[in-house]
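# Remarks on the overall topology
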Amino acid sequence: MTRRIIPFVFVLYIVNYIDRANIGYAALEMNKALGLTSQLFGLAAGLFFIGYFLCEVPSNIALTRFGARVWIARILLTWGLLSVLMGFVQNAWQLLTIRFLLGVAEAGFFPGIILYLGRWFRTKELATTIALFTASIPVSYIIAAPLSTAIIDHVHLFGIDGWRWMFVFEGLPAVLLGVACYFLLTERPSDASWLSDAERTWLEGELHREAQARPHVVHLSVWRTLRNTKVLYLGAIYFVYQVGSLGVGYWLPQILKGMSDNLSNTQIGLIGTIPYIVATIAMVAWSRHSDKAVERKFHSWFPLAVGAVGMTLSALTHSPGPAVVAVSVALAGLYSFKAPFWSVPGLFLSTGTAATAVAAINSIGNLGGFVGPYGLGLVKDRTGSASMALFILAGLLVIAAVMMAALRLREPTIPATDAPADAPAAPLRTLDQAGDDSATAGTA
């Protein structure tokens with residue numbers, strides 16, 4: 001299943017993140033061409049998330065109605081076309097409009113994939129599975145940084161600026177993958193012709209048995225899910241996280257350029273890949289550790305604290321070398337947070353309700369994607385430096401870490417053995433019970 005599903009959705013999310021984040025590299029030339037101030041660029045980068053916020057939950061409801069295969073294909077086609085149109089904008093207002101519509105088009109993609117993976121993989125494998133999928137985010141920066149800056153510097157066909165060709169060339173793969181998605185994405189295990197009958201039966205039995213072993217999960221209507229206190233609380237945590245992570249992500253090229261006048265756009269792109277390579281390794285290793293420990297809360301709040309430290313260090317540095325090290329620490333923490341965090345809703349909500357909850361949390365959180373880039377641009381315009389904004393982002397990450405540490409959460413139950421599909425269900429123990437057993441054994 002991992003070989004069949006993960007590489008495909010991995011590529012989809014790489015293209016997704018390149019198309020939403022490449023505006024950060026385009027800014028190296030685009031801001032001057034369109035007459036954008038730092039504040040206006042931050043607004044353009046952040047408007048994407050307003051459209052995303054407004055349409056996230058409706059899009060995820062549509063996905064459950066029409067199916068992942070059809071709806072994700074639709075999302076890819078529309079965002080690909082809009083990404084190409086970014087290359088033809090002539091003024092700030094056109095840029096702002098298309099960035100907003102791009103958010104509308106992409107809304108529902110990430111929570112839709114999270115829901116989709118939850119239909120295929122067991123809880124004890126889910127954090128690692130999500131990490132293998134979300135590792136595409138830092139990988140997209142690793143690819144986009146040198147690719148985007150190389151196009152900007154070297155592609156000037158028909159006398160058209162390189163930043164415009166960057167949007168065109170990087171938008172077309174989404175259109176092609178949208179067509180491929182309709183034919184290649186398998187909706188559910190029962191439709192998987194690439195599994196044998198025995199494999200399908202085993203998998204469906206495992207998923208059913210796991211659902212039965214979690215009697216504390218609840219099923220809520222869409223409206224009750226959106227009003228659920230714990231869902232809103234997780235949304236607030238993710239909001240603060242997005243303020244920090246996307247604030248740095250969109251502004252990293254300009255932060256590096258501001259530290260040295262001797263770096264070309266291509267060199268900035270190559271240097272900018274280093275923090276994301278570190279982040280990719282860290283997030284996969286940390287998520288595997290979370291699955292092995294069958295624990296989510298500590299594995300969610302501790303990376304936020306690490307991110308705050310890295311953000312503070314990045315605000316104190318004034319040369320490219322130390323800045324890359326500090327940003328690497330910050331992004332390693334921020335990306336390691338993702339997979340354990342997205343495993344949390346399934347611990348207290350049914351599969352259907354968790355889908356809406358993930359959409360709601362992601363929707364609230366993505367407002368932070370507006371506040372982060374716009375706020376950093378606003379502070380940079382007022383102070384002439386990004387350092388103060390980075391200190392503010394670090395403080396917000398500390399608050400998010402404390403909020404996550406304070407969350408009351410029942411950790412997942414773990415089977416005593418990995419029993420065959422036709423064997424009786426093994427007794428299940430909570431982590432607290434397992435700890436009690438260990439304590440008793442130690443005393444004996």
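Each residue is numbered by its place in its chain's sequence as written, counting from 1. Where totals are concerned, whole chains, interfaces and linings use all residues; where local detail is concerned, this predicted model gives features only for residues with pLDDT of at least 70, and gives and counts side-chain atom pairs only at 80 or more. Hydrogens and waters are ignored; side-chain quantities use all the structure's heavy atoms.

### Description of the overall build of the protein
- Labels follow the DSSP assignment, with helices taken as runs of H or I lasting at least four residues and strands as runs of E lasting at least two, numbered in each case from the N terminus. Looking only at helices and strands, one finds 20 helices and two strands in the protein.
- Accessible area is worked out with a 1.4 Å probe on protein chains only. A residue is then buried under 20% of its type maximum, exposed over 50%, and partly exposed in between. Taken across its 444 residues, the protein has 56% of its residues classed as buried.
- Of the contacts formed within the protein by residues at least 6 apart in sequence, a portion of 82% connects residues at least 24 apart.
- For every accessible area listed, the method is Shrake-Rupley and the probe measures 1.4 Å; residues are considered covered only by the protein chains on display. If you sum the accessible surface of the protein, you get close to 17,800 Å²; carbon and sulfur atoms cover 66% of it. Contacts between residues were defined by any pair of non-hydrogen atoms, one from each residue, lying within 4.5 Å.

### Observations concerning the environment of Val325
- Here Val325 shows up in helix 16 (residues 320-336).
- Sequence separation between Val325 and Pro275 is 50 residues, and the spatial gap between their C-alpha atoms is 7.3 Å.

### Some words on the nonpolar core
- Among the buried residues, those of types Ala, Val, Leu, Ile, Met, Phe, Trp, Tyr and Cys that are joined through side-chain atoms within 4.5 Å form a nonpolar core. Counting 118 residues, the largest nonpolar core has Met30, Ile72, Trp79, Leu95, Ile237, Tyr335 and Phe341 as its most contacted members.
- With 11 residues, helix 1 (residues 2-21) is the single largest residue contributor to this core.
- Residues in contact with Ile237, not counting those within four places in the same chain, are Leu304, Phe337, Phe341, Ala400, Met403 and Met404.

### Re empty space enclosed by the protein
- Using protein atoms alone on a 1 Å grid, points that fit a 1.4 Å probe yet trap it form a cavity, whereas open point sets bounded by protein on both sides within 12 Å along at least five of seven lines form a pocket; residues with an atom within 4 Å of a point count as lining. Grid points are joined across faces, edges and corners, and a volume is the space filled by probe spheres set on the points. All chains considered together, the criterion is met by two cavities of 30 Å³ or more.
- There is about 50 Å³ of room inside the largest cavity.
- Taken together, Tyr13, Tyr17, Arg20, Tyr52, Phe110, Tyr238, Gln242, Lys338, Asn362 and Asn366 make up the full set of residues lining the largest cavity.
- Here the lining of the largest cavity gets three residues from one element, more than from any other, and that element is helix 1.

### Focus: helix 7 (residues 123-134)
- A helix's residues, less one, multiplied by 1.5 Å, set its expected span. Between the first and last C-alpha of helix 7 there are 17 Å, a value that for 12 residues agrees with the 16 Å anticipated at 1.5 Å per step.
- By the burial criterion, the buried members of helix 7 are Thr123, Leu126, Ala127, Thr128, Thr129, Ile130, Ala131, Phe133 and Thr134.

### Notes on the packing of helix 14 (residues 273-293) against helix 16
- It is the contact of helix 14 with helix 16, at a shortest axis distance of 8 Å, that shows an interaxial angle of 35 degrees. Considering only the axes of helix 14 and helix 16, their crossing is right-handed. Residues Ile274, Pro275, Tyr276, Val278, Ala279, Ala282, Met283 and Trp286 of helix 14 touch helix 16, and the partners they reach there are Val324, Val327, Ser328, Leu331, Ala332, Tyr335 and Ser336. Here an axis means a line fitted to C-alpha atoms, over the contact stretch when the element is a helix, while the angle between two N-to-C directions is reported on a 0 to 180 degree scale. Here a crossing is taken to be left-handed if its near helix is turned anticlockwise relative to the far helix by less than a right angle, and right-handed if that turn runs clockwise.

### Quick notes on the packing of helix 8 (residues 136-154) against helix 14
- Helix 14 packs onto helix 8 with a crossing angle of 160 degrees between their chain directions and a minimal axis gap of 8 Å. Judged by the angle between their axes, helix 8 and helix 14 are roughly antiparallel. For the pair helix 8 and helix 14, the sense of crossing is left-handed. Between helix 8, through Pro138, Val139, Tyr141, Ile142, Ala145 and Pro146, and helix 14, the contact on the second element is made entirely by Thr273, Tyr276, Ile277, Ala279, Thr280 and Met283.
- Classification convention: Asp, Glu, Lys, Arg as charged; Ala, Val, Leu, Ile, Met, Phe, Trp, Tyr, Cys, Pro as nonpolar; all other residues, Gly among them, as polar. Of the residues in the contact of helix 8 with helix 14, the class split is 10 nonpolar, two polar and no charged. Angle categories are assigned with fixed cut-offs, so that under 35 degrees is roughly parallel, over 145 is roughly antiparallel, 65 to 115 is roughly perpendicular, and the rest are oblique.

### What to know about the environment of Leu96
- Tracing the backbone through its elements, the reader meets Leu96 in helix 5 (residues 92-106).
- The class for Leu96 is buried, based on a relative accessible area of 7%.
- Each C-alpha atom, one on Leu96 and one on Leu43, is 7.7 Å from the other, the two residues being 53 residues apart in sequence.
- Sequence-distant contacts of Leu96, defined by excluding residues within four places in its chain, comprise Leu40, Leu43, Ala44 and Leu47.

### Examining the pattern of salt bridges
- By convention in these notes, a salt bridge is any Lys or Arg side-chain nitrogen within 4 Å of a carboxyl oxygen on Asp or Glu. Per the stated rule, a full pass over the model turns up five salt bridges.
- Close ionic contact of Arg119 with Glu187 constitutes a salt bridge, the shortest N to O distance being 3.5 Å. Residue Arg119 is found in the loop between helix 6 (109-118) and helix 7, and its partner Glu187 is found in the loop between helix 9 (162-184) and helix 10 (197-212); the two are separated by 68 residues along the sequence.
- According to the relative accessible area criterion, Glu187 is buried, its value standing at 11%.

### Re unusual backbone geometry
- At Phe158, a position not held by glycine, the phi torsion is positive, near 55 degrees.
- Mapping Phe158 onto the fold places it in the loop between helix 8 and helix 9.

### What about the packing of aromatic side chains?
- Paired rings are identified among Phe, Tyr and Trp, the last through its six-membered ring, by centres lying within 6.5 Å, and are further divided according to the angle between planes into stacked (under 30 degrees), edge-to-face (over 60) and tilted (the rest). Evaluation of the coordinates by the stated rule reveals 28 aromatic pairs.
- Ring plane angle 80 degrees and centroid distance 5.3 Å describe the contact between Trp79 and Phe109, whose orientation is recorded as edge-to-face. Pair noted here: Trp79 is in helix 4 (residues 68-85) and Phe109 is in helix 6, with a separation of 30 residues, a long-range link. For the residue pair Trp79 and Phe109, the accessibility class agrees, reading buried in each case.
- Three or more aromatic residues link up through ring pairs in this structure, and these residues are Tyr13, Tyr17, Trp79, Phe109, Phe110, Phe133, Tyr238, Tyr241, Phe337, Phe341 and Trp342.
- Across from the ring centre of Tyr182, 4.3 Å away, lies the NZ or CZ of Arg69, which sits over that ring. In this scheme, Lys NZ or Arg CZ marks a charge over a ring once it lies within 6 Å of the ring centre and within 35 degrees of the ring normal.

### Looking at the side chain of Ser83
- Among the structural elements, Ser83 can be located in helix 4.
- Only 2.9 Å separates the side chain of Ser83 from the backbone oxygen of Trp79, close enough to count as a polar contact.
- Setting aside its immediate chain neighbours within four residues, Ser83 contacts Asp19, Leu102, Phe167 and Gly171. What qualifies as a polar contact is a pair of N or O atoms within 3.5 Å, subject to a donor-acceptor requirement within protein and to the restriction that residues adjacent in sequence count only when both atoms come from side chains.

### A closer look at the environment of Ser140
- Here Ser140 shows up in helix 8.
- Spatially, the C-alpha atoms of Ser140 and Tyr13 are 8.0 Å apart, while their sequence positions differ by 127 residues.
- Not counting the four nearest positions on each side in its chain, Ser140 is found in contact with Ile14, Tyr17 and Ile18.

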